[in-house]
Structures are given as structure tokens and as C-alpha cells.
Amino acid sequence: MSAPIIKIDSIAKSFGAFKVLDGLSMQVMPGEKLALIGPSGSGKTTILRILMTLERIDGGHIQIDGEHLYHMERNGQLLPADERHLTRMRQKIGMVFQLFNLFPHKCVLDNVTLAPMLTKGTPRAAAEKRAMELLDMVGMADKAKNMPAQLSGGQKQRVAIARALALSPKIMLFDEVTSALDPELVEEVLNVMRKLAAETDMTMLLVTHEMGFAHDFADRVLFFDRGRIVEEGKPDEIFRHPKQERTQAFLKKIIAAGHRV
Amino acid sequence: MTDWSGYLYLILQGALVTVELTLMGSVLALIMAFVAGLGRLSRFFAVRALATAYIEFFRGTSIFVQLFWVYFVLPLAGFELTPLQAGVLGLGLNVGAYGAEVVRGAVQSIGKEQYEACVALNLGRWQGMRHVILPQALLLMLPTFGNNAIELLKATSVVSLISLADMTFQANIVRSQTGNTMLPFATILILYFAMASAISWGVRTLERRMARGLDGVRT
């Protein structure tokens with residue numbers, strides 16, 4: 001068994017007086033596909049945002065790939081990470097957002113090539129070749145020259161996935177990537193993610209309300225409530241035989257709301 | 001009968017000075033707007049304080065007084081400027097202070113999600129600003145920049161007070177030499193309006209070109 005690629009050790013995070021995460025610890029193995037489920041405000045999205053360095057932690061430690069994320073080792077001492085350290089660590093992580101966050105002033109192709117050209121110094125020709133491969137994978141190669149405003153939500157999200165992949169991260173974070181989509185567009189995004197899971201050995205963390213997809217996609221499901229992991233296990237265990245009362249209540253509510261499990 | 005063509009030539013010469021002042025002043029104003037506008041958003045207190053001091057000072061005092069300082073007081077400190085240099089400096093610094101607030105407002109109005117996408121794609125602060133935030137913010141700045149440029153054009157008439165022979169200055173000469181107010185001032189009225197219209201048209205064209213294919217920035 002290899003070492004975990006993500007090691008979260010009793011982290012804390014508050015927004016004002018509201019404690020979102022309180023002494024949370026968890027580990028993720030390389031290549032693992034993880035689904036984070038739970039009611040809103042339970043802290044699952046906050047974890048992704050912390051891993052992407054969009055939110056800072058108030059306490060605790062995070063290690064990515066054997067290195068501290070928010071700390072640097074200098075002469076045997078742990079110091080708060082500076083921007084340079086964070087930049088180096090971010091190379092290992094990519095994120096896809098609920099609202100796509102495409103750059104509206106750049107065409108699809110430029111959205112994908114911008115970061116590799118700027119952060120890795122990839123020459124334009126090479127960046128475009130790679131971008132076209134990725135756009136082909138997500139089924140968007142024929143829209144390479146379109147502007148984001150000309151795309152549907154599902155298409156935008158597929159471009160956003162290609163854009164995150166262009167930096168070849170080891171870890172991909174998916175933050176409710178289908179929540180903002182019309183129901184008929186959800187499947188095309190999920191299909192891309194299935195393909196990604198099947199064809200790569202990337203570590204993937206998924207925050208989702210699509211329980212059916214979480215069941216098929218994940219190796220392990222974590223149920224969050226009030227900043228803690230209430231229950232975790234194989235998808236079948238969590239979805240068919242949840243042990244904790246709160247998990248049962250949450251799933252019942254979700255099913256009542258019409259979601260397929 | 002007065003020889004109007006000679007006087008018209010005089011006014012056109014002045015118009016050239018006005019155009020020159022407007023163009024050079026606008027370039028300086030644009031530079032100052034970005035320097036001070038982005039300076040106000042700096043992480044460093046000293047930069048923010050400096051930018052704020054500049055903006056508040058130049059917005060808070062009259063262009064007339066500023067021009068006199070630049071032209072008559074600075075030489076006492078050893079900075080000798082030609083009237084044109086003084087005019088460009090005064091106008092550029094003054095209008096740049098207004099532009100700085102336009103830059104700051106536009107940059108701050110770009111959604112948080114764009115900044116987060118920059119972080120997630122590991123762009124540096126400046127890279128994100130240069131390639132993602134500013135191109136979108138620029139579109140929001142343009143209409144107000146157009147206003148500022150027209151304001152600058154009209155403010156150029158105050159340079160006649162530091163003996164620069166701009167359009168208004170020349171019209172006054174014609175007036176005092178011919179005793180006719182109507183003709184020279186009708187002429188420069190039309191010329192100012194034509195110049196302002198040219199600026200409006202230019203900015204609108206630029207705006208339309210930049211907005212092509214874009215949505216979500218202007219709602």
C-alpha cells in the first residue's frame with residue numbers, strides 16, 4: 001500500500017462565529033475516487049476550497065503528495081507557506097466549479113491554453129495540440145473557436161473540465177459540477193467524468209447531490225454533517241445500509257426530493 | 001471687410017494645439033488611471049496610501065489652480081516646463097485621478113468566481129490581472145473613459161491662461177482684433193462639438209468591438 005496523496009490532520013475553519021470544520025481528519029489514497037455528500041453547510045465544499053487554497057485553514061495540517069500545503073519546512077521548522085510555495089503546491093491540484101467560471105472574453109481553445117502557456121511556459125503550438133486532445137475527449141473539439149456565451153451549461157462545464165485537465169494535476173476536485181445545469185444536460189457532464197475515471201488514474205474528489213452518480217463513480221463515500229465525517233464506506237454500504245441515523249435521515253430526504261440512488 | 005480666412009487659419013492652428021493637448025493629456029491620464037487605480041488595490045499599505053493621496057488631491061482641487069502650480073510654481077523648485085508640457089501634465093494628472101476610480105471600480109466589479117478560477121489555474125496575481133480581470137474590466141471602463149476624455153477636451157481651454165495658444169485662446173485673439181464675438185465663438189463651438197463627437201464615436205466603436213461574443217460582463 002502506498003502513502004496517501006492527501007492527508008488532512010485535524011483542520012479547523014470558521015467563517016466568523018460559524019465553525020464550518022472542527023478538527024476534521026481524513027486521508028485519500030492515490031487514484032482513489034471519493035464522493036463527499038451531506039447537507040448544505042456541512043463543510044464538504046469548504047474542504048475542496050481549502051485544498052485549492054481558496055480558503056485558508058485556522059488550524060491543523062494538510063499534506064499533499066507528502067508535502068505540507070499550508071506550511072513550509074525551513075531548517076526543520078514549519079513556517080506558514082508563502083505565495084511561491086502555494087504556487088508550487090497548486091500544480092498538483094485542479095478544480096472544476098459549480099458555475100464553470102470560464103473566462104467569458106476568451107474562446108474555448110484560449111480558455112484551455114491560457115494557464116499552461118502562462119504557468120508552465122508551454123509554447124502555443126504544443127498547448128493548442130494538447131488542448132484539442134482534451135477538448136476532443138470532452139466532446140467539444142468542434143466548438144474550439146466558440147465563445148463561452150455561445151455554449152450551453154453542459155458544454156461550458158465540459159470545457160471547464162478540459163481546462164482544469166490541461167495542467168495535468170494529480171488531484172481533481174469537482175465542486176457540485178452539475179448542480180447549476182438543466183436536468184437534460186447533467187448526463188453529458190457525468191459521462192465525461194465517467195470516462196475520466198475509467199481512463200486516468202487521477203485522484204478525484206467529488207462534492208455532489210447526484211447520489212446515483214456518486215454510487216457508481218466513487219470508491220468511497222464520505223457523509224458529512226456539521227463539519228464532521230459522520231460515516232464513510234463503500235458506496236453500497238453508505239447508500240444501501242447506512243448505519244448512522246443522520247445518514248439515513250439525509251438519504252431519505254434526498255430520495256423524497258426525487259433523486260435516484 | 002475683414003479677411004476671415006486668415007482668422008479662420010488662426011483658429012485652426014489653435015484647434016491643432018487643442019487636439020494635441022487632448023491626445024497627449026489622455027495618454028498621460030490613462031497611464032495615471034491604471035497606475036493609481038491598481039495602486040489602490042495593492043496589497044501594500046504604502047502603495048495604497050500614495051495612490052489615494054494622489055487621487056484625492058487632484059480630484060479635490062481645481063484644475064485651474066493645479067495648472068498654475070505646474071506652470072508658475074514648479075519652476076521655483078527648479079522644474080522649468082514649456083506651456084505645452086505644463087498643460088499636458090496638469091490635464092493628465094487631473095483627469096487621471098478621476099480615471100483611477102473608474103479603473104478601481106471596474107476591477108472590483110469583476111466577479112469573485114473569475115479570481116477563483118485564476119487561483120485554481122495557478123495564475124499569479126499579475127498574470128490573472130493582466131489576462132483575465134483587466135480585459136473584462138476594460139469593457140466596463142470604456143464608457144466612463146469616453147466621458148473623461150471629453151471632459152479633458154473641454155478642460156483644455158483653461159491652458160490659454162498659461163499662454164498656450166489653443167483654440168479658445170485664438171478665438172479670443174480674433175475677437176479682440178475684429179470686435180466680432182459671434183463668428184469666432186460659433187466656429188470653436190462647432191469645432192469642440194466635432195472633436196467631442198469624434199471621441200464618442202471612437203469609444204463606442206471600441207466598445208462594440210470588444211463586446212463582440214462576450215456576455216455576462218455587461219448585464
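Just so it is clear, the model here is predicted, and its values are computed rather than measured.

### Concerning the overall build of chain A
Of the regular secondary structure elements, chain A holds nine helices and 12 strands. For chain A, whose C-alpha radius of gyration is 19 Å, the value lies close to the compact-globule estimate of 18 Å for 261 residues. Seen through its C-alpha atoms, chain A measures out along the principal axes to roughly 55 × 55 × 40 Å. When contacts within chain A are restricted to residue pairs at least 6 apart in sequence, long-range pairs at least 24 apart make up 63% of them. Here chain A has roughly 11,600 Å² of accessible surface; of this, 48% comes from carbon and sulfur atoms. Taken as two groups, the 35 positive and 32 negative side-chain charges of chain A have centres that lie 3 Å from each other.

### Thoughts on the UniProt feature "domain: ABC transmembrane type-1" (unreviewed entry) in chain B
Within this numbering scheme, the UniProt entry marks residues 15–200 of chain B as carrying the feature "domain: ABC transmembrane type-1" (unreviewed entry). Annotated as 81% helix and 0% strand, the span residues 15–200 of chain B places its first and last C-alpha atoms 18 Å apart.

### Looking at the pattern of salt bridges
All names here are of chain A. The tally for this structure, following the rule as stated, stands at 20 salt bridges over all chains. A salt bridge links Glu-83 to Arg-90; the shortest N-O distance between them is 3.3 Å. With relative accessibility at 45%, the residue Glu-83 sits in the partly exposed group. Judged by relative accessible area, which is 5%, Arg-90 ranks as buried.

### Observations regarding the interface of chain B and chain A
Facing 20 residues of chain B, the contacting portion of chain A comprises 24 residues. At the boundary of chain B with chain A, total buried surface from both sides reaches about 2,000 Å², with 65% on carbon and sulfur atoms. Linking chain B to chain A there are one salt bridge. Summed over the shared surface of chain B and chain A, the result is seven residue pairs in polar contact (both at pLDDT 80 or more). Those elements that place two or more of their residues in the side of chain B that touches chain A are helix H5 (112–120) and helix H6 (125–155) of chain B. Considered class by class, the residues forming the side of chain B that touches chain A number 10 nonpolar, six polar and four charged.

### Section: the pairing of strand E1 (residues 6–15) of chain A
All names here are of chain A. Relative to strand E2 (residues 18–28), E1 runs antiparallel, the two being bridged by eight bridges. Its bridge partner lying in E2, Ile-11 is registered against Leu-24. In sequence, E1 turns back onto E2 through a hairpin of two residues, with Gly-16 there showing a positive phi of about 65°. Sheet topology note: the E1/strand E4 (residues 59–64) ladder contains five bridges and is antiparallel. Across the sheet, Asp-9 pairs through a bridge with His-61, a residue of E4.

Reading the values: rules and limits
Residues numbered from 1 in each chain as written. Chains lettered and ligands numbered in written order. Predicted model: local features only at pLDDT ≥ 70, side-chain atom pairs only at ≥ 80, totals over all residues. Heavy atoms only, no water. Helix = DSSP H or I, 4+ residues; strand = E, 2+ residues; numbered from the N terminus. Rg over C-alpha atoms; globule rule 2.2 N^0.38 Å. Contact = heavy atoms within 4.5 Å. Areas by Shrake-Rupley, 256 points an atom, 1.4 Å probe, with all protein chains shown as cover. Lys, Arg positive; Asp, Glu negative; His and termini not counted. Charge placed at Lys NZ, Arg CZ, Asp CG, Glu CD. UniProt positions renumbered as here; feature names shortened; annotations may be inferred. Salt bridge = Lys/Arg side-chain N within 4 Å of Asp/Glu carboxyl O. Buried < 20%, exposed > 50% of the residue type's maximum accessible area, 1.4 Å probe, protein only. Buried area = accessible area lost by both parts, 1.4 Å probe. Polar contact = N/O pair within 3.5 Å; in protein donor to acceptor, adjacent residues only side chain to side chain. Nonpolar A, V, L, I, M, F, W, Y, C, P; charged D, E, K, R; others polar. Pairing = 2+ DSSP bridges.

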